[in-house]
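A structural walkthrough
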Amino acid sequence: MRKFSALIVFLFLFVVGFSGIAMSKEAPKYIKVGTLYASSGPFAKPSTAEFKGLNFWVHYVNSKGGVYVKAFHKRIPVKLVAYDDQSSTATATTLYNQLITQDHVNILVADFGSVLTSVAVPLAKVHKILLFDVTGTGSKFFTPDNPYIVLCSLPTSGRWPYTLADFIISEKINRIAIVYSSNDFDQSQAVTLHNKLKKAGVDIVYYHAVPSNTSNYSIILHNIKAKNPNAVIEFGYPNNDIAFLQNLESSGLKFNMVFTVFPGQLFKLLKANVGVKALSYGYTYPTPPLLRYNKVNLGMGIDKFEKEFEKYSGKTPNFLNIAGYNVGLIIQKTLETSKKFNQLAFRKAIAGFSGKAFTLDGLFKVNKEGAQIGEMLPVAQFVPRGQGLKMNIVYPPSMKTAKAVYPAP
Amino acid sequence: MYRKKGIIYGLGITLLVIVLFIFLPNIYNNTSFLFNLMLYMALAEGLNIIYGFTGYLPFGYVGFFGAGAYSAALAILFLHFPPLIAVLVGGIGAFLIGIIFIPLLKLSGAYFAIANLAASQALYYIVANPNLEKITQGPYGISLANIYNPQVSYYVMLSILAFSMVTVIFIRFSDYGLALLSIKEDRVSASLAGINVPRERSIAWGLSSFIAGLSGGVYAWYVAVFYPTTVFSLEISVFVIVFVLFGGIGTLVGPLIGSLVLYSFYNFIGISTPQYFQLSYGLLIIIFALFIPNGILSIFEKRGIHVP
């Protein structure tokens, strides 16, 4: 009888103990995705656009019953925890820490751009949580000793002008003027282009940085004209591109080739601010939705996404909405393929599908440091068509839809 | 007797603050919030030295903070100084900038505030100049990721806060503090009474810039990756000025209370109701400005309670 009692007690303790272990491995009620957005300040517009894209992804996966988590073999709803950093890095530091230490989010997503991502990088590293970097392309973030960062939606900015350089070289355009805004994002592009062209023997006749808040390029444009270049490349943020193109239009100056960054990303914004004439025959890097990726193996193709996003928000999506949605897709794939539910397993899972996942944003491929190297930015030119503009991809040859109109009429 | 009591109370409060910030991470482990709170308290005390005791309102106070952050970072990157020494270099760097800006003290009132603001912007543009990329790394930011140590930098920040508080205690309860207050009341009369106005206010200016520089240095260490826009952000000046005004100028406790209440509210609202953040925080500031225009400590002073 005593032995029986002991056995019962032992079984009871075993069951209780085992259930305790099982409990600790239980699936969470929600997958907590933590992020920041800026409702005010200099990054408000791009940040809220990205945030809306991420929100859309959360809304969409939850409408399907949640995201499939391989580690638990089931779908789990996603809960988005988001705070407003108001474009302030000091506030962002506290709020990232809040997401990590108080909210204990399972997935940490950075705010828009390099400045607001910068404070999250060391925090994520020290707390050993993988940072899903949306558009923070600063090269300083990606180091061999930090496995806790993955850039999801854009290649590191130093890689952006690869195709542009090849285009200039292939078209045998000489005498290039490069003006760039003095920030990490634009400087790295300018340096890459400068070095590649120099190596190819192309003459750089003008190479200058301007403050990122430059709003008048009139004198700069006349200085450039004095050097008589065949192509003018301007690397800037949207506000710089708008000012540059407006000033170019009003100055009456003509160049054979003019390249700016953001008409290809924020076409509607640029068109509304500078007009069709100023964009005519101009070159840019086209990104989705101007680039139409419909043959995808992860998430929606661009056509379907546009329809669903318009239904959800009542607005046509821009590139930043797509970038926000795209980071959601990378999170989704990570959870679908990670065998274990921990941060290093997530990173390992990402390495597993890197180079194989193709989304509406292009090929997702990261290097060992977590920097995006898959997405390629082709070169496109806007040509007048009726009252509007048509975008032709002019380089690389594999994506070419028309020959470049060079020199511009 | 009053002075002795004040010093004892002041040191007691300093000790209490030290003990609190040592134990708070065990209760609330968002150490970034606690670090930023200490940072703003130290900056508020630093600003209090020049504004609270002499009446000079430096709108460009952030210039010293940024100078400190960059001095410390450059000491680490180029001279390979250990972080602790680099923080000290940050303080010295800001102090030297303070010496260069001493002629600004010949101005007064709004003229001084605006000139100081312009000086801090000039510093920002010098540091962010792309042509100085090889020295300051221009606008492309600095990475100190290899020395990142949030635990140690937390306690260094606490030491700087303690130092700033002890400095304010010394000023508040010394003849030097009385001299500064007389300068604040009337410079000409103070000068006629035998006070060396340029020397005394320059010392206060130097101390104030040194504290801001130390804070900037440890901030650079704590965040590890930063841009000129991060450490020369005018928002920092505005926050510190509002915290000091809200708490009560010319005291030890006022800037501490101002920072504690307003920065805690700022974060509480930002975390609990981020969608109504600006509305809630704006309303709060308006209510405080309407009903307690002279700062929280004025409520106690009206009741005859002297606060250190």
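The structure displayed is predicted, hence computed values, not measured ones. (Residues numbered from 1 in each chain as written. Chains lettered and ligands numbered in written order. Predicted model: local features only at pLDDT ≥ 70, side-chain atom pairs only at ≥ 80, totals over all residues. Heavy atoms only, no water.)

**Quick word on the layout of surface pockets**
All names here are of chain A. Note the cut-off: Grid points spaced at 1 Å and placed over the protein atoms alone form the basis of the search, with a cavity being a set where a 1.4 Å probe fits but cannot get out and a pocket an open set showing protein on both sides within 12 Å along at least five of seven lines. Lining residues have an atom within 4 Å of a point. Grid points are joined across faces, edges and corners, and a volume is the space filled by probe spheres set on the points. For helices the rule is a DSSP run of H or I covering at least 4 residues; for strands it is a run of E covering at least 2, with both sets numbered from the N terminus onward. Nonpolar residues are Ala, Val, Leu, Ile, Met, Phe, Trp, Tyr, Cys and Pro. Charged residues are Asp, Glu, Lys and Arg, and all others, Gly as well, are polar.
Quantified by volume, the second largest pocket comes out at close to 350 Å³. Forming the boundary of the second largest pocket are 17 residues, of which Leu253, Lys254, Lys277, Ala278 and Ser280 lie nearest the centre. If you list the elements that add at least two residues to the lining of the second largest pocket, you get helix H9 (238-251) and helix H10 (267-279). It is H9 that contributes the most residues to the lining of the second largest pocket, three residues altogether. Looking at the lining of the second largest pocket, its residues break down into 10 nonpolar, four polar and three charged.

**Thoughts on the domain arrangement of chain A**
Residues and elements named next belong to chain A. As a reminder, the rule being used: For the purposes of this description, domain bounds are those given by an automatic or database domain assignment. In this description, contact between two residues means that some pair of their heavy atoms is separated by no more than 4.5 Å. In short, buried area is how much 1.4 Å probe accessible area vanishes from two parts on joining, totalled over both. Basic side-chain nitrogens of Lys or Arg form a salt bridge, by our definition, when they fall within 4 Å of a carboxyl oxygen of Asp or Glu.
Partitioning chain A into domains gives domain 1 (31-158 + 292-364) and domain 2 (161-284 + 378-395). Distance between the C-alpha centres of domain 1 and domain 2: 30 Å. Taken together, the 11 residues of domain 1 in the interface contact 11 residues of domain 2. Both faces combined, the contact of domain 1 with domain 2 buries some 850 Å², and carbon together with sulfur accounts for 53% of it. Taken as a group, Ser157, Gly158 and Phe319 account for 48% of the area that domain 1 buries against domain 2, more than any other trio of residues on that side. Where domain 1 meets domain 2, there are zero salt bridges. Partitioning the side of domain 1 that touches domain 2 into residue classes produces two nonpolar, seven polar and two charged.

**Some remarks on a nonpolar patch on the surface**
What counts, and what does not: By definition, no residue in a patch forms a salt bridge, and every one has over 30% relative accessible area; like charges are joined within 9 Å, nonpolar side chains (Val, Leu, Ile, Met, Phe, Trp, Tyr) within 5 Å. Here the Shrake-Rupley method, with its probe set to 1.4 Å, supplies the accessible areas, and only the displayed protein chains count as covering residues. Only protein chains enter the area calculation, which uses a 1.4 Å probe; residues under 20% of their type maximum are buried, those over 50% are exposed, and those in between are partly exposed.
Taken together, Tyr276, Leu279, Leu283, Ile286, Ile287, Leu290 and Phe291 of chain B make up a surface patch of nonpolar side chains, about 790 Å² in accessible area. A relative accessible area of 65% means that Phe291 of chain B is categorised as exposed.

**Some details on the interface of chain A and chain B**
To be explicit about the condition: The definition of a polar contact used here is a pair of N or O atoms within 3.5 Å, where within protein one atom must be able to donate a hydrogen and the other to accept one, and adjacent residues in sequence count solely through side-chain atom pairs.
Opposite the 34 residues of chain A that make contact, chain B presents 35 residues. For the pairing of chain A and chain B, the buried interface totals around 2800 Å² over both sides, and the portion due to carbon and sulfur atoms is 52%. Along the contact surface separating chain A from chain B lie zero salt bridges. Remark: the boundary between chain A and chain B carries 13 residue pairs in polar contact (both at pLDDT 80 or more). The set of elements that each furnish at least two residues to the side of chain A that touches chain B consists of strand S4 (78-84), helix H3 (89-102), helix H4 (113-118), helix H5 (120-126) and helix H7 (184-199) of chain A. If you tally residues by element for the side of chain A that touches chain B, the top one is H3 of chain A, at 10 residues. Split by residue class, the side of chain A that touches chain B holds 13 nonpolar, 18 polar and three charged.

**Points about the confidence of the model for chain B**
This is how it is decided: The pLDDT value expresses, per residue, how confident the predictor is, ranging between 0 and 100.
Within chain B, residue pLDDT values average 91, and 100% of them lie at 70 or more. Across chain B, the secondary-structure element scoring lowest on mean pLDDT is helix H14 (residues 277-291) of chain B, at 78, and the one scoring highest is helix H4 (residues 83-100) of chain B, at 97.

**Describing the environment of Gln187 of chain A**
The residue Gln187 of chain A is located in helix H7 in this model. Judged by its relative accessible area of 9%, Gln187 of chain A falls in the buried class. Other than its neighbours up to four places away in sequence, Gln187 of chain A contacts Tyr180 and Ser181 of chain A together with Glu133 and Tyr140 of chain B. Side-chain polar atoms of Gln187 of chain A contact the side chain of Glu133 of chain B, separated by 2.8 Å.

**Topic: the sheet that holds strand S7 (residues 149-151) of chain A**
Residue and element names in this part refer to chain A. The line we're drawing: Pairs of strands are assigned from DSSP output, requiring at least two bridges between the strands. With axes taken as lines fitted to C-alpha atoms, and helix axes fitted only over the stretch in contact, angles between N-to-C directions fall between 0 and 180 degrees.
Across the sheet, which stays open at both edges, the five strands sit in the order S4-S1-S5-S6-S7 with parallel pairing between neighbours. The open sheet has two edge strands, S4 and S7, and neither has a second partner. Averaged over all adjacent pairs, the angle separating strand axes in this sheet is 25 degrees, with direction ignored. Pairing of strand S1 (residues 31-37) with S4, which is carried by seven bridges, proceeds in the parallel orientation. Of the residues in S4, the one forming a bridge with Gly34 is Val81. Here helix H2 (residues 44-63) sits on the sheet and contacts S1, S4 and strand S5 (107-109); the angle it forms with S4, its principal contact strand, is near 165 degrees.

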